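Here is how the chains run, residue by residue.
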Amino acid sequence: MHKYGLKLWSTNTDWFDAAAQGFTENEFDFIEMAIKSDMENKLKPLAHIPLSFHLAMDDDNHIIFMPHQLFENTAKMRIDDLPNNLCLDIQKAWIAGGMDYVKIAIETKKPFYFHLSGIGEKQTHGNLWEGYINWVRIKEILPKDCYLIFETPKDGSPIDNDLKNMKYFRQL
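On a predicted model such as this, the values are computed, not experimentally measured, just so you know.

### Details of the pattern of salt bridges
In a structure, side chains of opposite charge can pair up when their charged atoms sit close to one another.
For step 1, the next point in the chain: Evaluated as defined, the whole model comprises eight salt bridges.
For step 2, the next point in the chain: Residues Arg 78 and Asp 81 are paired through a salt bridge, measuring 3.2 Å at the closest nitrogen-oxygen approach.
For step 3, the next point in the chain: The closest approach of N and O atoms between Glu 107 and Lys 103, which form a salt bridge, is 3.0 Å. With Glu 107 and Lys 103 both in helix α3 (residues 90-109) and four residues apart, the pair spans about one turn of that helix.
For step 4, the next point in the chain: Assessed through its relative accessible area of 41%, Glu 107 is described here as partly exposed.
For step 5, the next point in the chain: The network of salt bridges with shared partners includes Lys 7, Glu 32 and Glu 151.

### Some remarks on the packing of aromatic side chains
For step 1, the next point in the chain: Applying the stated criterion across every chain yields a total of 11 aromatic pairs.
For step 2, the next point in the chain: Between Phe 112 and Tyr 113, the ring centres sit 6.4 Å apart and the planes meet at 75°, which makes this aromatic pair edge-to-face.
For step 3, the next point in the chain: Residue classification places Phe 112 among the partly exposed positions, given a relative accessible area of 33%.
For step 4, the next point in the chain: Judged by relative accessible area, which is 0%, Tyr 113 ranks as buried.
For step 5, the next point in the chain: Their ring planes at 75° and their centres at 6.2 Å tell us that Phe 112 and Tyr 147 sit as a pair that is edge-to-face.

### What to know about α3
For step 1, the next point in the chain: For α3, with 20 residues, the first-to-last C-alpha span of 13 Å runs short of the 28 Å given by 1.5 Å per residue.
For step 2, the next point in the chain: The sharpest bend along α3 measures roughly 120° and falls at Gly 97.
For step 3, the next point in the chain: What α3 keeps buried is the set Ile 90, Gln 91, Ala 93, Trp 94, Gly 98, Met 99, Tyr 101, Val 102, Ala 105, Ile 106 and Lys 109.
For step 4, the next point in the chain: Those residues of α3 hidden inside the fold are in contact with β6 (86-89), β7 (113-116), β8 (118-119), β9 (125-126) and α4 (135-141).

Rules and cut-offs
Residues numbered from 1 in each chain as written. Predicted model: local features only at pLDDT ≥ 70, side-chain atom pairs only at ≥ 80, totals over all residues. Heavy atoms only, no water. Salt bridge = Lys/Arg side-chain N within 4 Å of Asp/Glu carboxyl O. Helix = DSSP H or I, 4+ residues; strand = E, 2+ residues; numbered from the N terminus. Buried < 20%, exposed > 50% of the residue type's maximum accessible area, 1.4 Å probe, protein only. Phe/Tyr/Trp six-rings, centres within 6.5 Å; stacked < 30°, edge-to-face > 60°. Expected span 1.5 Å × (residues − 1). Bend = angle between axes of the 7 residues up to and from the residue. Contact = heavy atoms within 4.5 Å.

Laid out in structure tokens, this is it:
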């Protein structure tokens, strides 16, 4: 089953309450937290280690950081250059080579962690319904058990637009 994730930055502290409520209301399954601001200097010794994590709550209401050592692709990477421990950013993969690139990357690298966003102006993160990515086809080739992070525009509200994008993808 696909697990739906919310992308937040450590600087989005004013959105944490809305994120906690969305999680409590089962709007999504986990949070991918990107560390920014003063934490960057503290984490510099770890800079050579690719690290991503899920923020989750266990049965005793303890916060758990679930690490995944993953490399995220760029729009300029050839498929042969992609590592096996890959977070496949669908938007960047689509820019690199369209549906063929995405399909081959999924078949050969077997990623279980994906970043999803439409293609906005100047190839920025857009809503899933923006741009020209074939999300119906993408959904068909994604592994049955995988993590999906929605890297979509915030549009001024804490998580409302992320939830709209998740709903859009669920209904495909």
